[in-house]
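# Per-entry structural report
In case you want the letters, here they are:
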Amino acid sequence: STKRPMALKTIVDVYHRYSIREGKLDLLNFNDFKTLLTEYHPEYLKKIFKETDLNKDKELTFEEFTIVLAKVTDDAHRIIHKDDRCTPDKD
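The following refers to the structure shown. Since we're looking at a predicted model, the values are computed, not measured. Every chain begins its residue count from 1, and numbering advances along the sequence as written. Where local features are concerned, this predicted model is filtered to residues with pLDDT of at least 70; where side-chain atom pairs are given and counted, the filter is 80 or more; whole-chain, interface and lining totals use all residues. Side-chain numbers here rest on the full set of heavy atoms in the structure, without hydrogens or water.

### Side note on the packing of helix α2 (residues 30-40) against helix α3 (residues 45-52)
Running from amino to carboxyl end, α2 crosses α3 at an angle of 130°, the nearest separation of the two axes being 10 Å. Between α2 and α3, the crossing angle belongs to the class labelled oblique. For the pair α2 and α3, the crossing hand works out as right-handed. Along its contact with α2, which presents F30, F33, K34 and L37, the element α3 presents L45, K46, I48 and F49. Taken together, the residues of the contact of α2 with α3 break down into six nonpolar, no polar and two charged. In this analysis an axis means a line fitted to C-alpha atoms, helices contributing only their contacting stretch, and an angle means the value between N-to-C directions, from 0 to 180 degrees. Counting from the N terminus, the helices are DSSP H or I runs at least four residues long and the strands are E runs at least two residues long. Working definition: roughly parallel below 35 degrees, roughly antiparallel above 145 degrees, roughly perpendicular at 65 to 115 degrees, and oblique for all remaining angles. Each crossing is labelled by how the near helix is turned from the far one, with a counterclockwise turn of less than a right angle marking it left-handed and a clockwise turn marking it right-handed. Any two residues having at least one pair of non-hydrogen atoms within 4.5 Å are treated as being in contact. Residue polarity follows a fixed list, in which Ala, Val, Leu, Ile, Met, Phe, Trp, Tyr, Cys and Pro are nonpolar, Asp, Glu, Lys and Arg are charged, and the others, Gly among them, are polar.

### Remarks on the side chain of D53
Tracing the backbone shows D53 in the loop between α3 and β2 (59-60). Classification of residues uses two cut-offs on accessible area relative to the type maximum, computed with a 1.4 Å probe and protein chains only: under 20% is buried, over 50% is exposed, and between them is partly exposed. As used throughout, the charge tally considers Lys and Arg to be positive and Asp and Glu to be negative, leaving His and the chain termini uncounted. Here a salt bridge means any side-chain nitrogen of Lys or Arg lying within 4 Å of a carboxyl oxygen belonging to Asp or Glu. Buried and unpaired, D53 has K56 as its nearest opposite-charge partner, separated by 5.9 Å. Whenever a nitrogen or oxygen atom comes within 3.5 Å of another N or O atom, the pair is scored as a polar contact, on the condition that within protein one atom can donate a hydrogen and the other can accept it, and that pairs from neighbouring residues in sequence are kept only if both atoms are in side chains. For D53, the side chain forms a polar contact with the main-chain nitrogen of K58, separated by 2.7 Å. With residues up to four places along the chain from it excluded, the contact list for D53 reads K58, E59, L60 and E64.

### As for a positive patch on the surface
Only residues whose relative accessible area exceeds 30% and that form no salt bridge enter a patch; like-charged residues are grouped when within 9 Å of one another, and nonpolar side chains (Val, Leu, Ile, Met, Phe, Trp, Tyr) when within 5 Å. A 1.4 Å probe and the Shrake-Rupley method give the accessible areas. Residues count as covered only by the protein chains that appear here. Throughout, a charge is located at the NZ atom of Lys, the CZ atom of Arg, the CG atom of Asp or the CD atom of Glu. Among the surface-exposed residues, K34, K46, K50, K56 and K58 lie close enough to one another that they form a single positively charged patch. Mapped onto the elements, K34 comes out in helix α2. With a relative accessible area of 39%, K34 lands in the partly exposed category.

### Concerning α2
When we look at burial in α2, the residues that qualify are D32, F33, L36 and L37. One face of α2 carries all of its buried residues, which in axial projection span an arc of 120°. Sitting at the head of α2, N29 places a side-chain oxygen 3.0 Å from the backbone nitrogen of N31. Summarising the geometry, the arc corresponds to the directions from the helix axis toward the C-beta atoms.

### Observations concerning the nonpolar core
When a protein is soluble and globular, its nonpolar side chains tend to lie buried together. Note on terminology: a nonpolar core comprises buried Ala, Val, Leu, Ile, Met, Phe, Trp, Tyr and Cys residues joined through side-chain atoms within 4.5 Å. Of all hydrophobic cores here, the largest spans 14 residues; its most connected members are L28, F33 and L36. Listed by contribution, the elements that provide at least two residues to this core are α1 (3-19), α2, α3 and α4 (62-80). Setting aside its immediate chain neighbours within four residues, L28 contacts Y15, Y18, S19, F33, L36, F49, K58, E59, L60 and F65.

What is shown is where atoms sit, not what they do.
Encoded structure:
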């Protein structure tokens, strides 16, 4: 499906849109991350940054950023299902 590559491209594009603002190219520092989450998901800011900055360098690699996406996606999924987990029969 052409939607999958477009969705993945969108994720990469969002990461790049914010990772080029300050510091090293292709790394999200805390200020970049703060701007991104303030615009997209403000309530997660500090907690999720600390959880996903695996090497504690105060910057997120793209790999660490994908952990953010997984956590935010999982939370949104739980909210949609009102904390009920999906089973093979319902999604």
